[in-house]
Amino acid sequence: MLKEKYTTEIADILSRYPVKRSALLPLLYLAQREQGYVSEAAMQEIAGILKLTPPQVYETVTFYTMLNLKPLGKFHLQVCKSLMCALVGSDILIGWLEKKLGIKAGETTHDGLFTISKVECLGACGTGPMMQVNDDYYERLTEEKVDRILADLKRDGTSALKTGPFMWPEPAPAKRGA
Amino acid sequence: MPNVAVETVKLTIDGQSLTVPKGTLVIEAARQVGVMVPHFCYHPKLKPDANCRMCLVEIEKIPKLQTACSTPVAEGMVVRTATTVVNEAHKSVLEFILANHPLDCPVCDQGGRCDLQDFSHEYTPTTSRFIEVKRVFQKEYFSPLIEKQMNRCVQCLRCVRYCDEVMDVKALAPVNRGTMTEIKHFGTHELDCEFCGGCIQICPVGAITSRLSMYEFRPWMLKRADTVCTYCGDGCQITLQTKDNQLIEVNSSLGAGRNNGDLCARGYFGYHATTHPDRLTTPLVRRDGRLVPATWDEALEYVAETFAQLKLKHGAQVFAGVITARCTNEDLYLFQKFMRLAVGTNKLDSSARYGQVNAVRALCRIQGTHRWPVTFEDIAAAEALLLVGTNITEANPITGLRVKEAVKKHGATLLTVESLQPTVGTISNIANLAAHHFTAHPDQYKPVVLGLIKAVIEEGLADQPLSQKAPAYLQAIRDAVHALSWPTIEAATGSSAASFKEAARAFARTARAVIIVGAGVLREPGASGLAATLQDLLLLTGHHGRPGCGLAPLAEQNNDQGAVEMGTVTECLPGPCDLDDQEARARVSALWQEDLPQGPGLTIPEILEEARGKTLKALYLVGEDPVGSLPESARAKEALEGVEFLVCQELFLTETAQMAHVVLPACSYAEKDGTFTNTEGHVQQVRHAIEPVGESRPDWEIFSDLAGLMGYPLEYGDAKDLLKEIRALVPGYNLPGPTPKPSRPDHTAVDRYLQQGYAEDLGERYRYTPPVKAAGRLTLLVDQSLFHSGKFSTKAKGLLHLQAEGAVSLNPADAARLGIVEGDRVLLSNELGHCRTTAKVWDRIPAGLCRFPEHFDQEARRLLSVSIDVATGVPYYRSAQVKVEKAQ
């Protein structure tokens, strides 16, 4: 249960919003940080905290590509599929990733390392095609760059090619999968 | 409504100029001049969402097309809805929608009444430029009653918005994004909600349909009959749709009836009860100890003859009759006339005895009239609402919607005193909308109300004019609440003095306030006293008698109010007038051209008492099943065994009917014509939708024939003839318009109460003695659930899908303490008996309380004792102290 483990953090989140429901996204992030994805039990618990019904929490989770409903690989490759990236070849990038990793978008490799997701615009329209791996941005991607990134991630858990995020106000509190 | 000058705006739509109130939406203004702007997502009940883009119109001086559903009118606006540009836009929107819509119209239940079909026909988007494969959602099981075909969905989200904005259930969610948006409940779980059917009715296409009638019809094959639902006192207008004399489905229409298109699970899915195969189809007569089929002639002659013989031998005072308040006004009226004239006794009663009598008595006593001083519209427009013991969502769901509307749409302040915890669940919880909620057991309603009155007095919120008009009354209340200390009230209610004061301020400082009371008050001891005390609260805050304010007691049965007004409760003559009111007696006997019988009336408990004492020889029961509905401690079976001649007029062979000497098959509401009077006193037309099942006949026809055979012809051509006679005796039966006229309190009655009437029982009403409760016991409440109404609805297959058996609901803390988990078999016991059932752990149940649905109480009834109200003769048997333990 989140409530027991994160009592002060939840209280802090709730105190930030005059309307209780506004705390939904931060709480979902909290749940995701805990388990790597948002479980049904977590959705029910959050619904209880915010006086929402579980379907209301569920619809929010399914709307945002940043929230996952099932366990993911250690590295979550989130490739932007929105218009700007599509114009400069995001579908080629996705195809390349799928070929290299032997899985389809939405799937996880057998070794549990990589999951590919197609996501909506990540706000790096000037530097597409791009992807976000866990909390890091990798931009102006080419096939060679992707190969290097995948190799780096496998070996070191991170890659020197990362370029961001730039808009994140502060480092994320805990590094999932690191 | 107070007369506030409404600001208006002048505009032109398609060349027609019109004036509408400021804030009207263009789409609504257009409708007023007969221009229908095509739309999917717009609905008058819902807030604008403008997501479907179908209602685009051209507005002069705005460069781009605007959505008519979200644009408010402005002075001098010039709107065009049928230009080439607009038509092209409509066509394009349809092209997008049809890019994914399947071509399954021939097997779609909506085919023929589908907005998408109609607009496609109108704008003929014949060629599509989309070559992509259509989006396909995997078929998944949604629920036993509601079917989902997401491929047909146009993603207007009306269902989701209705479920939230109107029902406050929030069971539906649009999941995922864009074209892939689909309507789901929660993950892969099947739908669990109030099952009001609203999503089905509001869906503009065939994406959400009813499984009860799936593939059984094409809409144009259906014959419609507008009638009134019988499952509670709200009196919702429903349209029964039939094909070949079979009930196919139920609809309701926006703008029609008191429900304005809204229904609950009972109304929408409960219609199969009337055509259940167990319906009685022929009269039955007991021969050699067995009930065998007989012809109507045989049966009626037998009854008439036996009645005549018994009357000759013992006189008319050995007869009694009880009729159910589910019958039409015409049936009820003729029943009492039959009993009074043909039989010659006043010993008749109806099921309005079980609670409605308390309500009417409290209204009459203080406001001098027997009907609500408010209407549903007043509830929706109220600024403050106080609900006491209503369990409104489950007992009177549609009145509940008016309360939700008041709070959610108009920002009313809601105070609730309910046996509910404010938790979120699969069915809506009115306590969640309350600004001030008091969780109370039924025996705590009184101290909570007294606490509110004490707070009103102490906070100086009492109405100024009242202190001049009735100083003695005010002083008496002042003294009475002074004698009650805050610690006593706090201990009795578990709520703090501060919370009472806050709630009292919120309630008193509003211009329009309505108090709604339900069965929690009306069917518990002290009912009429507490209802009177609640009127004291209205008097004290100056709300009593003000338009749009007043006390609204909820009726449980569809025609409870009618039963009282028809004079079918024992203390009343039609009117309702007192049985001893000489003037009224003269009026009635002048119209009937016959003398009224002398002698006292008898209430249901007294009738059973006389039967037990064998002074009653003949009993005529119409739709009442005392053996199957009263607790065993009422010893109804033993009483009826002592009756020499028992006649039951029924739909089904109930436990009581099995004991009868003659059983007469009656028509259900779906097979007869007449009127019902709903809880707010609105008289509405009941129309038959199907032919009588078997040889069953409308109740009034049976009374009429029997009377004829007994030599007292009571002949009427049809139900309308009867209504004409009713009109001569009972005011308010000229079929009214769409809204009732609320009764205005009679000032002389109010003054009489303020000057001396109050003193009669004020001391008693304001005294609080804590109830004695045995340690370790829970209070069992046997009451109404959302999915059933009485025992009748347990014959409806749709509702049985939702709730097929009884289970005792427990508070989670109590369950944990007793080591009980959901689904466990449990044993409930007390001095009177025991019963085994299944446990359900439900967080909305207050600690110390457990609930059991009365519809399945065959065994749970053993635990209940009966106490009878000295003043109103109402038998109370809803609650008991029980020991709950895990069954071995």
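Residues numbered from 1 in each chain as written. Chains lettered and ligands numbered in written order. Predicted model: local features only at pLDDT ≥ 70, side-chain atom pairs only at ≥ 80, totals over all residues. Heavy atoms only, no water.

Participant: Explain the overall build of chain A residue by residue, including any values.
Facilitator: Counting its secondary structure elements, chain A contains 8 helices and 4 strands. Secondary structure elements in chain A, listed N-terminal to C-terminal, are α-α-α-α-α-β-α-α-β-β-β-α. Over its C-alpha atoms chain A spans a radius of gyration of 17 Å, differing by no more than 12% from the 16 Å that the globule rule assigns to 178 residues. In terms of overall dimensions, chain A has C-alpha extents of about 50 × 35 × 30 Å along its principal axes. Of the contacts formed within chain A by residues at least 6 apart in sequence, a portion of 62% connects residues at least 24 apart. In the structure as shown, chain A presents an accessible area of about 9400 Å², 57% of it carried by carbon and sulfur atoms. Across chain A, 22 positive and 21 negative side-chain charges occur, with their mean positions spaced 0 Å apart. (Helix = DSSP H or I, 4+ residues; strand = E, 2+ residues; numbered from the N terminus. Rg over C-alpha atoms; globule rule 2.2 N^0.38 Å. Contact = heavy atoms within 4.5 Å. Areas by Shrake-Rupley, 256 points an atom, 1.4 Å probe, with all protein chains shown as cover. Lys, Arg positive; Asp, Glu negative; His and termini not counted. Charge placed at Lys NZ, Arg CZ, Asp CG, Glu CD.)

Participant: Tell me what's going on with the interface of chain B and chain A, and back it up with residues and numbers.
Facilitator: Taken residue by residue, the interface counts 19 residues in chain B and 16 residues in chain A. Buried area between chain B and chain A, both sides added, is near 1400 Å², and the carbon and sulfur share of it is 58%. Connecting chain B to chain A are 1 salt bridge. Notably, a salt bridge pairs Arg177 of chain B with Glu120 of chain A, separated by 3.5 Å at the nearest N-O pair. The interface formed by chain B and chain A contains 8 residue pairs in polar contact (both at pLDDT 80 or more). Counting residues per element, the side of chain B that touches chain A draws most heavily on strand E7 (residues 173–175) of chain B, which supplies 3 residues. (Buried area = accessible area lost by both parts, 1.4 Å probe. Salt bridge = Lys/Arg side-chain N within 4 Å of Asp/Glu carboxyl O. Polar contact = N/O pair within 3.5 Å; in protein donor to acceptor, adjacent residues only side chain to side chain.)

Participant: Account for the packing of aromatic side chains, naming residues and giving values.
Facilitator: Residues and elements named next belong to chain B. Overall, the coordinates contain 25 aromatic pairs over all chains when judged by the stated rule. Measuring from ring centre to ring centre gives 5.8 Å for Phe307 and Phe645, while their planes differ by 90 degrees; the resulting arrangement is edge-to-face. Taken as a pair, Phe307 in helix H7 (residues 296–314) and Phe645 in strand E25 (residues 645–650) lie far apart in primary sequence, 338 residues in all. With respect to burial, Phe307 and Phe645 carry one shared label: buried. Seen in terms of ring centroids, Phe438 and Phe500 are 4.8 Å apart; in terms of plane orientation they differ by 20 degrees. Their pairing is stacked. With a gap of 62 residues between them, Phe438 in strand E19 (residues 436–439) and Phe500 in helix H17 (residues 497–508) connect regions that are remote in the sequence. Residue classification places Phe438 among the buried positions, given a relative accessible area of 3%. The class of Phe500 is buried, set by a relative accessible area of 0%. By way of ring pairs, the aromatic residues Tyr302, Phe307, Phe319, Phe335, Phe338, Tyr620, Phe645 and Phe703 are connected into one cluster. Cation over ring: Arg697 sits above Trp296, and NZ or CZ is 5.3 Å from the ring centre. (Phe/Tyr/Trp six-rings, centres within 6.5 Å; stacked < 30°, edge-to-face > 60°. Buried < 20%, exposed > 50% of the residue type's maximum accessible area, 1.4 Å probe, protein only. Lys NZ or Arg CZ within 6 Å of the ring centre and 35° of its normal.)

Participant: Report on the sheet that holds strand E3 (residues 131–133) of chain A, specifying residues and quantitative values.
Facilitator: Residue and element names in this part refer to chain A. Spatial ordering of the open sheet is given by E2-E1-E3-E4, a layout of 4 strands whose pairing is mixed. In this open sheet, the two strands that pair with only one neighbour each are strand E2 (114–119) and strand E4 (136–138). Across this sheet, the average inter-strand angle for adjacent strands is 25 degrees, counted without regard to direction. Across 3 bridges, the pairing between E3 and E4 is antiparallel. Considered in E4, the bridge of Val133 is made with Asp136. Strand contacts of helix H7 (residues 90–101): strand E1 (75–80), E2 and E3, with the helix running at about 155 degrees to E1, the strand carrying the most contacts. (Pairing = 2+ DSSP bridges. Axes fitted to C-alpha atoms, helices over the stretch in contact; angles between N-to-C directions.)

Participant: Tell me about the state of the cysteines, residues and numbers included.
Facilitator: Residues and elements named next belong to chain B. Following the criterion strictly, the structure yields 0 disulfides over all chains and no others. The cysteine Cys52 is free of any disulfide, with Cys41 supplying the nearest cysteine sulfur at 3.8 Å. Looking at Cys52, the relative accessible area reads 9%, which means it is buried. Take Cys163: it sits in no disulfide, and the sulfur closest to it among the cysteines is that of Cys193, at 6.1 Å. (Disulfide = S-S within 2.5 Å.)

Participant: Tell me what's going on with the nonpolar core, and back it up with residues and numbers.
Facilitator: Residue and element names in this part refer to chain B. By size, the foremost hydrophobic cluster in this structure holds 78 residues, and its most contacted members are Phe40, Ile146, Leu172, Phe195, Leu240 and Phe269. No other element matches helix H4 (residues 158–166), which puts 5 residues into this core. Once residues lying within four places of it in the same chain are set aside, the contact partners of Phe40 are Cys52, Met54, Leu94, Ile97, Asp115, Leu116, Phe119, Val154, Cys156, Arg158 and Pro204. Residues Leu334, Val343, Ala618 and Trp700 belong to the second largest nonpolar core, which totals 63 residues. (Core = buried A, V, L, I, M, F, W, Y, C linked by side-chain atoms within 4.5 Å.)

Participant: Which residues make up the sheet that holds strand E13 (residues 284–287) of chain B, and what values go with them?
Facilitator: Residues and elements named next belong to chain B. On the basis of which strands lie adjacent, the open sheet formed by 7 strands has the order E14-E13-E26-E25-E24-E15-E16 and mixed pairing. Bordering the open sheet on either side are strand E14 (290–293) and strand E16 (348–350), each of which pairs with just one other strand. The mean angle between the axes of side-by-side strands here comes to 20 degrees, regardless of whether they run parallel or antiparallel. Across 5 bridges, the pairing between strand E15 (residues 319–323) and strand E24 (residues 618–622) is parallel. The residue of E24 that forms the bridge with Gly321 is Tyr620.

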